[in-house]
Amino acid sequence: MYGTTSAHYMLGRIPGVISNIASIPNNVVWYDASNGSTTNFNVTLSDNDDVSQWKDKSGTGHNANKSGNASVKPNWRSNIQNGYGIIRFNGSSESLNINPITFMQSQSAFTMFVVAKATSLSGNRALVGTNTSGYRIYFNGTNYQIATASGTGTSSVAGDTTNFHIFTVIFDGTATGNANRLKFRYDEQDQSLNFGATTVGTATNASATHFYIGVDDTNSAGYWQGDIGSIIVYTRALTSNEIVGVESYLSNFWGI
């Protein structure tokens, strides 16, 4: 199990330090909102500026762009969590997206990390997801749910509007059974998922075209109301040690 690995294990040459998230193989997305520099955004941002593009630091060039006109851009806010900045979404109209997302199609495995805080969990709220409900983390009005490859797992995590949290999703379509194919970790702890009548398939949807941040394509899960600090995606199921390493890095960096 992931939880049996030492929480002090870290990646990189220096113990306790990950020097570069992108140095871990198969990193295809790395969004970091910690500062308003042009490393993270297409222009230098000051507190409360609109975000039109969130740049990808993985080196693969998968930048996330605004989904509409100026009135629906989220805002960058400085010095919000552990001295770092975040992107704030209003819960009614603001989102970002990547298009196209061929690198997310027909994948037999992926691992995703999201650092976020909700400021409202009334009704349904989508944190991230594709237009075909893959790579999806959302709140159903009661608990957090995870969905991909036609499977939907409901956790017992009710969430809160007080703290930032680390959301980790691991999909491995080569494994046997729902619980082994789709896993969810919340603040570095394994969570049980109830899949109901759904079955997690062997690969992500081949026809997905958009990866959304702050909403899903049909808005069936609602807009995210709150802050997002980081999103990291790998196109494979990371090892237990790698997962603990990335989570420890995010926990230390963001003060979670």
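A brief look at the structure comes next. (Residues numbered from 1 in each chain as written. Predicted model: local features only at pLDDT ≥ 70, side-chain atom pairs only at ≥ 80, totals over all residues. Heavy atoms only, no water.)

### Topic: helix α2 (residues 240-254)
Here α2 is 15 residues long and its end C-alpha atoms lie 21 Å apart, about the 21 Å a rise of 1.5 Å per residue gives. Counting buried residues in α2 gives 11 out of 15 residues, a clear majority hidden from the surface. Positive phi shows up at G255, right after α2, with a value of about 70°. (Helix = DSSP H or I, 4+ residues; strand = E, 2+ residues; numbered from the N terminus. Expected span 1.5 Å × (residues − 1). Buried < 20%, exposed > 50% of the residue type's maximum accessible area, 1.4 Å probe, protein only.)

### Side note on the environment of F103
Tracing the chain through its elements places F103 in the loop between β7 (96-98) and β8 (109-118). According to the relative accessible area criterion, F103 is buried, its value standing at 14%. Sequence separation of F103 and T235 is 132 residues, and the distance between their C-alpha atoms is 8.1 Å. Once residues within four sequence positions are removed from consideration, F103 is found in contact with V28, V29, H62, I98 and T235. (Contact = heavy atoms within 4.5 Å.)

### A few points about the nonpolar core
Counting residues in each nonpolar core, the largest one holds 48 residues, and the members touching the most others are W54, M112, V114, I137, Y144, I213 and I228. With five residues, β8 is the single largest residue contributor to this core. Residues contacting I228, with those up to four places away along its chain left out, are A33, W54, I86, I87, F89, V114, V115, A116, L127 and I213. (Core = buried A, V, L, I, M, F, W, Y, C linked by side-chain atoms within 4.5 Å.)

### Concerning the packing of aromatic side chains
Tallying each qualifying case throughout the model produces 14 aromatic pairs. Here the aromatic rings of Y84 and F253 are separated by 4.1 Å at their centres, their planes lie at 5°, and the arrangement is stacked. With a gap of 169 residues between them, Y84 in strand β6 (residues 84-90) and F253 in helix α2 connect regions that are remote in the sequence. Seen in terms of ring centroids, Y144 and F167 are 5.0 Å apart; in terms of plane orientation they differ by 65°. Their pairing is edge-to-face. Note that Y144 is positioned in strand β11 (residues 144-148) and F167 in strand β13 (residues 165-172), a separation of 23 residues in sequence. The residues Y144 and F167 share a single accessibility class, namely buried. Feature note: the residues F139, Y144, F167, F184 and Y186 constitute an aromatic cluster, connected by ring pairs. A cation over an aromatic ring shows up here: K57 above the ring of W30, its NZ or CZ 4.4 Å from the ring centre. Between the NZ or CZ atom of R136 and the centre of the ring of Y138, over which it lies, the distance is 4.0 Å. (Phe/Tyr/Trp six-rings, centres within 6.5 Å; stacked < 30°, edge-to-face > 60°. Lys NZ or Arg CZ within 6 Å of the ring centre and 35° of its normal.)

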